[in-house]
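Residue-level structure breakdown
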Amino acid sequence: MEIEDIIKEENKVYSKPRLLDDVHMHYCPGCSHGVVHKLLAEVIDEMGLAERTVGVSPVGCAVFAYNYIDVDWVEAAHGRAPAVATALSRLWPSNVVFTYQGDGDMAAIGTAESIHAANRGENIVMIFVNNAIYGMTGGQMAPTTLIGQKTATTPYGRRVDLNGHPLEITDILARLDGTCYVTRQSVHTPASVRKTKGCIKKAFENALAKKGTSVVEIVSTCNSGWKMSPVESNEWMERNMFEKYPLGDLKNI
Amino acid sequence: MLPIIKNIYFIHIMKEEVRLMKGNEAVAHAAILYGCDGYFGYPITPQSEVLETLEALMPWETTGMVVLQAESEVAAINMVYGGAASGKAVMTSSSSPGISLKQEGISYIAGSELPALILNVMRGGPGLGTIQPSQADYFQATKGGGHGDYRLIVLSPSSVQEMVDFVGLGFDLSFKYRTPAMILADGIVGQMMEKVVLPPQRPRRTDEEIRRQCPWATTGRNGERKRNVVTSLELESSRMEIINHRLQARYREIERNETRWEEIGVEDADYLIVAFGSIARICAKAMEMAEEKGIKAGIIRPITLWPFPKEAVEKAARGKKGILCVELNAGQMIEDVRLAVHDSLPVEHYGRLGGIIPSPQEIVDALEEKLINNIP
Ligand SMILES: Cc1ncc(C[n+]2csc(CCOP(=O)(O)OP(=O)(O)O)c2C)c(N)n1
């Protein structure tokens, strides 16, 4: 059989999502952000929402998300994505608005905006990439950094007496009456990627149905920040992160 | 109760009646009547009546305007940023400490070249300061306030009528130049009640009109165009410099076209008083009292604090014996006045601090003491 006989439409097993641009991403090899972008692009396209979705990108590694997914985007100040999304959603109720936030954005500088947008039950989707570190600024401690975890600002490991406890922001959000769906997932195996895609889809369906705020946390790796190989990162995440941040739905109504 | 208030309100508007209201209330009415799409604010004295009036008028049931009490001034200004990014006419209001919190957001709005309206009803600082009137945020409003090289169009109302008029003017200018505008009011204009004529109701722009007027806005791609991205980020220095040059060119254009001021009795005066906001009206009374003593003073009232009417001040100062800047601060606008007249004549400052409003007599005394008796 010749190669031309194999490269045929009917043999295709995978294609790049249409909404994902054909450009180099700035993410490190092994980083979870790229996979999450792909899932978003697929879900938005499959739901036919490309023309009425507006994304809000954070300050953090995903600041340039607007260079990769072909929908309208507003780039928010660090932590303020939920406030920006609140206005975008209320002023254009027929659009679907999502935020894309890191753990520093969601659970440190933007804690107030995140909690209050969710508490108001804004009809938005909050995608929360929890990599337990500040990726963009070079690997400093995040609110979700684990006890004992070494970062640029906890060089001997995070200590409760010095740095307090890892903040379980998603659990807090799940307790608010404004959220309708809060789930914690990962994208480190083919199965988890498929599962997370379903969760993102559900969150977008909720926004369309005006059910309130949906939060999809993705427990993620940052192999550069963690100073591990991608494979080691996945293993470290399974061993350490999932204990503190167990996967599954926290709320689904 | 509320629906009745609403009905009265619309009947009054139709008749174009003269009404009596507080500056802060008037801003709320003016926002609705302009066809404003959204207001986002957080309570702080002395401007909470803006949000309170809007909540009482319930414009979401009439014009469809969104009104939201945010969790902080930081959230409110970022809601304004989001709304402005999508082409809507959106605004916020606050008072000095809250305006300090908004500065990062204002810088983002300026950097992303978006229209928005911000009202600061100034109170005395620094810190928590006082709830009494002040003009101590002049530097913050006119020299930047937030980070980076940007300017706000700064309008200074001296009456409740101007509070109303500057809502429309502020929105119009901010859309024309795609840059944020600020109404820099003092607590007096916000709190005092005066006669005011409200403009007729303008319809809010339809989504289609917004898409046409603001092809850059994040309205959703809607089939016909490539994606829009609103961002102030540009890591490539050469491109960031080009963006800065573009902003600066626009600021020069605003300086050429939009400088506004008022003159009272300037031509045959010996002395010039420069004052903005409600203080200019106290100065007008002081001017009459001075005249009775044989002192001829004229007034220049800058209406745009940025762009500052430097040419008007320079022209008015020619042949005068001295300038008195009267401000509710320790001497801020005086720096712009000095720059305008290049030390060609004595320029003195008279100000009260901490929320104290000077009487006309005090201003006459200051004029005599600082410029007439003390001439070296
Ligand atoms: C007001 C403000 N403070 C600090 C920063 C610097 N900063 C940029 S990204 C970042 C942390 C981002 O971490 P996270 O939200 O966890 O996202 P990640 O980069 O890990 O994806 C910080 C502190 C900033 N840009 N703005």
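Residues numbered from 1 in each chain as written. Chains lettered and ligands numbered in written order. Predicted model: local features only at pLDDT ≥ 70, side-chain atom pairs only at ≥ 80, totals over all residues. Heavy atoms only, no water.

Some details on the pattern of salt bridges
- Counting across every chain of the model gives 36 salt bridges over all chains.
- A salt bridge links Glu9 of chain A to Lys12 of chain A; the shortest N-O distance between them is 3.4 Å.
- Ionic pairing is found between Glu314 of chain B and Arg318 of chain B, a salt bridge with its closest N-O pair at 2.8 Å.
- Taking the relative accessible area as the measure of exposure, Arg318 of chain B reaches 54% and is therefore exposed. (Salt bridge = Lys/Arg side-chain N within 4 Å of Asp/Glu carboxyl O. Buried < 20%, exposed > 50% of the residue type's maximum accessible area, 1.4 Å probe, protein only.)

Notes on the nonpolar core
- Counting 125 residues, the largest nonpolar core has Phe40, Phe171, Ile323 and Val337 of chain B as its most contacted members.
- Two domains each provide a minimum of three residues to this core, namely domain 1 (4-211) and domain 2 (262-374) of chain B.
- Phe40 of chain B has contacts with Ala87 and Leu91 of chain A together with Val66, Leu68, Ala76, Met79, Val80, Val90, Met91, Thr92 and Ser93 of chain B, leaving out every residue within four places of it along the chain.
- Core analysis: the second largest hydrophobic core is formed by 39 residues, Ala41, Tyr68, Val187 and Cys199 of chain A among them. (Core = buried A, V, L, I, M, F, W, Y, C linked by side-chain atoms within 4.5 Å. Domains from an automatic or database assignment. Contact = heavy atoms within 4.5 Å.)

Things to note about the interface of chain A and chain B
- Contacts between chain A and chain B engage 37 residues on the former and 39 residues on the latter.
- Of the roughly 2,900 Å² buried between chain A and chain B, counting both surfaces, carbon and sulfur atoms make up 59%.
- Looking at the side of chain A facing chain B, the largest losses of area belong to Asp72, Leu91 and Trp92 of chain A, adding up to 26% of the total buried there.
- Linking chain A with chain B are five salt bridges.
- For Arg225 of chain B, the salt bridge identified is with Asp72 of chain A, shortest N-O distance 2.7 Å.
- Where chain A meets chain B, there are 20 residue pairs in polar contact (both at pLDDT 80 or more).
- For the side of chain A that touches chain B, the secondary-structure elements that each account for two or more residues are β2 (72-75), α3 (81-91) and α5 (111-120) of chain A.
- It is α3 of chain A that contributes the most residues to the side of chain A that touches chain B, seven residues altogether.
- Where β2 of chain A and strand β9 (residues 229-230) of chain B come together, two bridges link them in parallel fashion. Its bridge partner being in β9 of chain B, Trp73 of chain A is matched across the sheet by Val229 of chain B. (Buried area = accessible area lost by both parts, 1.4 Å probe. Polar contact = N/O pair within 3.5 Å; in protein donor to acceptor, adjacent residues only side chain to side chain. Helix = DSSP H or I, 4+ residues; strand = E, 2+ residues; numbered from the N terminus. Pairing = 2+ DSSP bridges.)

Side note on the site of the ligand
- As a matter of local geometry, the ligand sits amid 17 residues, with Cys61, Asp103, Gly104, Asp105 and Gly135 of chain A nearest to it.
- At the ligand, the nearby residues belong to more than one chain, namely chains A and B.
- In this structure, an oxygen atom belonging to the ligand sits 2.8 Å away from a main-chain N or O atom of Cys61 of chain A.
- Protein contact buries 76% of the 590 Å² of open area that the ligand shows by itself.
- Those elements that place two or more of their residues in the shell around the ligand are α4 (103-107) and β5 (133-134) of chain A.
- Take the shell around the ligand: its biggest share by element is three residues, from α4 of chain A.
- For the shell around the ligand, the class distribution of residues is six nonpolar, eight polar and three charged. (Near = heavy atom within 4 Å. Areas by Shrake-Rupley, 256 points an atom, 1.4 Å probe, with all protein chains shown as cover. Nonpolar A, V, L, I, M, F, W, Y, C, P; charged D, E, K, R; others polar.)

Remarks on the packing of α3 of chain A against helix α4 (residues 73-85) of chain B
- Their axes nearest at 7 Å, the elements α3 of chain A and α4 of chain B cross at an angle of 50°. By the criterion of interaxial angle, the relationship of α3 of chain A to α4 of chain B is oblique. Seen along the crossing, α3 of chain A lies across α4 of chain B with a hand that is right-handed. Mapping the contact onto sequence places Ala83, Val84, Thr86, Ala87, Leu88 and Leu91 of chain A in α3 of chain A and Ala75, Asn78, Met79, Tyr81, Gly82 and Gly83 of chain B in α4 of chain B. (Axes fitted to C-alpha atoms, helices over the stretch in contact; angles between N-to-C directions. Parallel < 35°, antiparallel > 145°, perpendicular 65-115°, else oblique. Left-handed = near helix turned anticlockwise from the far one by under 90°.)

Points about the packing of helix α2 (residues 33-46) of chain A against helix α8 (residues 190-208) of chain A
Residue and element names in this part refer to chain A.
- Where α2 meets α8, the closest approach of the two axes is 9 Å, and the angle between their N-to-C directions is 50°. Comparing the axis directions of α2 and α8 gives the class oblique. α8 is crossed by α2, and the crossing has right-handed handedness. Between α2 and α8, the contacting residues are Val35, Leu39, Leu40, Glu42, Val43, Ile44 and Glu46 on the first element and Val193, Thr196, Lys197, Ile200, Lys201 and Phe204 on the second.
- Here the residues of the contact of α2 with α8 are counted per class, giving eight nonpolar, one polar and four charged.

Re the domain arrangement of chain B
All names here are of chain B.
- Along its sequence, chain B is organised into domain 1 (4-211) and domain 2 (262-374).
- Between the C-alpha centres of domain 1 and domain 2 there is a distance of 28 Å.
- The partner domain 2 presents 23 residues to the 29 residues of domain 1 that form the contact.
- Between domain 1 and domain 2, roughly 2,100 Å² of surface is buried when both sides are summed, and carbon and sulfur atoms account for 56% of that area.
- Put simply, domain 1 and domain 2 have three salt bridges between them.
- Across the pair Arg301 and Glu162 runs a salt bridge whose closest N-O atoms are separated by 2.7 Å.

Observations concerning the environment of Val274 of chain B
Residues and elements named next belong to chain B.
- Secondary-structure assignment places Val274 in strand β11 (residues 271-274).
- The spacing of Val274 and Cys214 is 60 residues in sequence and 39 Å in space, taken between C-alpha atoms.
- When sequence neighbours within four positions are dropped, the list of residues in contact with Val274 reads Ile300, Pro302, Ile323, Leu324, Cys325, Val326, Met333 and Val337.

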